[in-house]
Each structure stands twice: as C-alpha cells, then as structure tokens.
Amino acid sequence: MIGRSLFDYVSSLDGVEVVYILVSDKDKYARNAAMATLVTDDAEYALDRKADLVLECATPALLGTLGPDILAHSDLCGFSCSALADHTVEAAMHAAASRSGRRFFVPHGAVLGLDGLRDGREQIEEVVITTTKSGASLGQPADARGTLFDGSTREACMRFPRNVNVHAAVAFAGIGFDRTRSIVVADPDTKTMQHHIAVSGRGLEWDISVSSQSLGGVTGSYTPASAIGSLKRILGTDVFANA
C-alpha cells in the first residue's frame with residue numbers, strides 16, 4: 001500500500017525517474033504495465049543502478065540486509081525502521097553513511113511529533129508509546145485481547161518487527177530504544193490503528209494521540225499520505241515545509 005502510493009506520486013513528478021522496483025515476487029506485478037518493466041527480484045542488479053534516493057517499504061529484514069549497501073551509493077528512506085533496534089544493523093548503516101556521505105531518512109510514518117522529540121531530547125526524561133490494534137493486525141489470533149507487550153522499544157521491535165515501526169521512529173528521534181517504553185495492546189473490537197505518545201521531562205509534558213482506519217495488514221489510512229509528505233520534504237517539492 002505504501003509502496004504503490006509512493007510509486008504513483010513519484011511517477012507524476014516531472015524530472016524524476018523511477019529506475020527500479022526491487023520485489024521478492026515479480027509475478028505479482030506482471031499485469032501492471034506501469035510497473036512491470038521496472039520490477040526486478042535481483043538485488044545486485046538493483047544496487048548497480050545507483051539511484052539518487054531509495055525508498056524502502058518492504059520489511060525490517062530487507063532494510064537490515066541491504067541498507068548498508070544501498071547507503072554506499074544512494075540516500076535511503078527506510079519505512080521499516082524497527083530494523084535499527086538491532087545494534088549491528090544501526091552501526092553498519094551509520095558506518096556506511098559516514099563513508100559515503102549519503103543520508104538515511106527516518107520517516108514519521110503513522111505518528112506525529114518527531115520534531116519535538118528530537119529538539120527536546122536533552123530535557124525529555126520519559127517517553128511511552130502505546131499502540132492498539134486488532135490481534136490480526138499484530139499477527140496474533142483475531143480474538144486476542146489485552147496488553148501483549150510492555151517493555152523497552154528495542155525489545156518491542158524484536159517481538160513485533162512489522163508492527164512497531166512508529167515506535168522505532170519515536171525512539172530514534174527521542175531518547176533511544178532502551179529508554180523509550182513501548183506498550184502493545186490487542187483489541188478485537190477495534191477497526192482502527194491507535195498510537196498514543198506520552199512525553200515528560202524537565203519543564204515539559206505533552207500527549208499525542210493518532211488514530212487511523214486500518215487498510216488491512218499493518219497499514220493505517222493515514223500512513224500513505226504521511227509517506228508522500230515525507231518524500232515531498234526529502235525532494236524539496238513542498239512550497240511550504242516544516243523546519
């Protein structure tokens with residue numbers, strides 16, 4: 001869903017060319033004329049294309065495996081940022097970006113307020129992010145109910161790698177994977193994906209709540225629009241942009 005939204009947006013831009021779409025199953029795209037000629041399942045071929053910017057919206061495993069190689073030649077925007085909870089992956093990507101001078105972008109995904117977390121990190125003492133989804137959206141039985149996890153964001157990313165990318169983004173922007181607390185709740189009666197961020201520190205306190213309709217799987221209705229907004233800021237195509 002995110003990948004298709006990004007592809008449609010990029011395809012509408014003048015002066016911007018899509019050079020490849022790396023997938024695990026080419027046959028799924030065979031009937032899509034706009035995408036079929038760009039699709040490849042050959043990672044080596046894709047990396048040899050040396051795109052200026054790579055948008056990853058696949059899995060944490062893929063980002064962790066290919067991220068350092070991508071950063072050797074390209075800027076990279078990683079939507080599966082829970083991969084960064086692995087110390088080895090984060091170190092490898094940081095080293096690759098430092099060597100090449102390329103940039104790694106962490107999009108805000110389905111939540112808001114990363115700018116405040118980054119700006120206030122020296123004053124912030126506690127960050128708690130609570131996500132409530134249906135059990136099916138969390139890879140659990142459909143009738144699952146209650147708190148499935150309460151602990152560090154680093155551990156949450158290991159337990160729910162495809163479901164807590166927003167937690168990873170909050171931790172990365174703020175006080176880190178070990179100090180940020182993650183709570184994951186299953187509610188079989190909900191049709192939405194809900195994220196609540198509670199922040200407190202020296203002279204500050206705020207709460208942010210975001211709720212969006214599920215589009216199926218792990219994606220909420222706000223996320224594709226958020227992804228396009230992040231891309232606009234990276235490309236500098238927003239006439240009015242937040243700083």
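Above this text sits the structure in question.
The structure contained in this document is the topic of the report that follows. Given the structure is predicted, the values throughout are model-derived calculations rather than measurements. (Residues numbered from 1 in each chain as written. Predicted model: local features only at pLDDT ≥ 70, side-chain atom pairs only at ≥ 80, totals over all residues. Heavy atoms only, no water.)

### Points about the environment of glutamate 126
Locating glutamate 126 in the fold gives a position in strand S6 (residues 124-133). Of the residues examined, glutamate 126 reaches a relative accessible area of 41% and is grouped as partly exposed. Sequence-wise, glutamate 126 and alanine 51 are 75 residues apart; in three dimensions their C-alpha atoms are separated by 39 Å. Apart from the residues within four sequence positions on either side, glutamate 126 is in contact with Ile175, Ala198, Val199 and Ser200. (Helix = DSSP H or I, 4+ residues; strand = E, 2+ residues; numbered from the N terminus. Buried < 20%, exposed > 50% of the residue type's maximum accessible area, 1.4 Å probe, protein only. Contact = heavy atoms within 4.5 Å.)

### Examining the sheet that holds strand S8 (residues 181-186)
Pairing within the open sheet is mixed, and its five strands lie in the order S7-S8-S6-S9-S10. Of all the strands in the sheet, just strand S7 (146-152) and strand S10 (204-213) have a single pairing partner and so form its edges. Averaged over neighbouring strand pairs, the angle between their axes works out to 10 degrees when direction is ignored. Bridging between S7 and S8 involves six bridges; their strand directions are antiparallel. Residue pairing in the sheet places glycine 146 in a bridge with alanine 186 of S8. (Pairing = 2+ DSSP bridges. Axes fitted to C-alpha atoms, helices over the stretch in contact; angles between N-to-C directions.)

### Digging into the environment of valine 128
Structurally, the position occupied by valine 128 is in strand S6. Assessed through its relative accessible area of 12%, valine 128 is described here as buried. Valine 128 sits 72 residues away from serine 200 along the chain, and the two C-alpha atoms are 9.1 Å apart. Excluding residues that lie within four positions of it along the chain, valine 128 makes contacts with Arg181, Ile183, His196, Ile197 and Ala198.

### Regarding the pairing of strand S3 (residues 53-56)
Of the two faces of S3, only one is covered, namely that formed by Val54 and Glu56; the face formed by Leu53 and Leu55 stays uncovered. In terms of handedness, the path from S3 via helix H4 (residues 60-71) over to strand S4 (residues 75-78) forms a crossover that is right-handed. (Right-handed = clockwise from strand over helix to strand, strands pointing away.)

### Things to note about the nonpolar core
One finds Leu117, Val127, Val170 and Ile197 to be the most contacted residues of the largest nonpolar core, which totals 46 residues. Take this core: its biggest share by element is six residues, from helix H8 (residues 165-173). Here valine 170 is in contact with Val111, Leu114, Leu117, Val127, Ile129, Thr180 and Ile197, once residues within four sequence places are set aside. By size, the runner-up hydrophobic cluster in this structure holds 11 residues, among which are Leu6, Ala227, Ile228 and Leu231. (Core = buried A, V, L, I, M, F, W, Y, C linked by side-chain atoms within 4.5 Å.)

### A word on the packing of aromatic side chains
Counting across every chain of the model gives one aromatic pair. With a centroid separation of 6.4 Å and an interplanar angle of 75 degrees, the aromatic rings of phenylalanine 149 and phenylalanine 160 are classed as edge-to-face. Of this pair, phenylalanine 149 sits in strand S7 while phenylalanine 160 sits in the loop between helix H7 (153-159) and H8, and the two are 11 residues apart along the sequence. As far as the burial class goes, phenylalanine 149 and phenylalanine 160 line up, both buried. (Phe/Tyr/Trp six-rings, centres within 6.5 Å; stacked < 30°, edge-to-face > 60°.)

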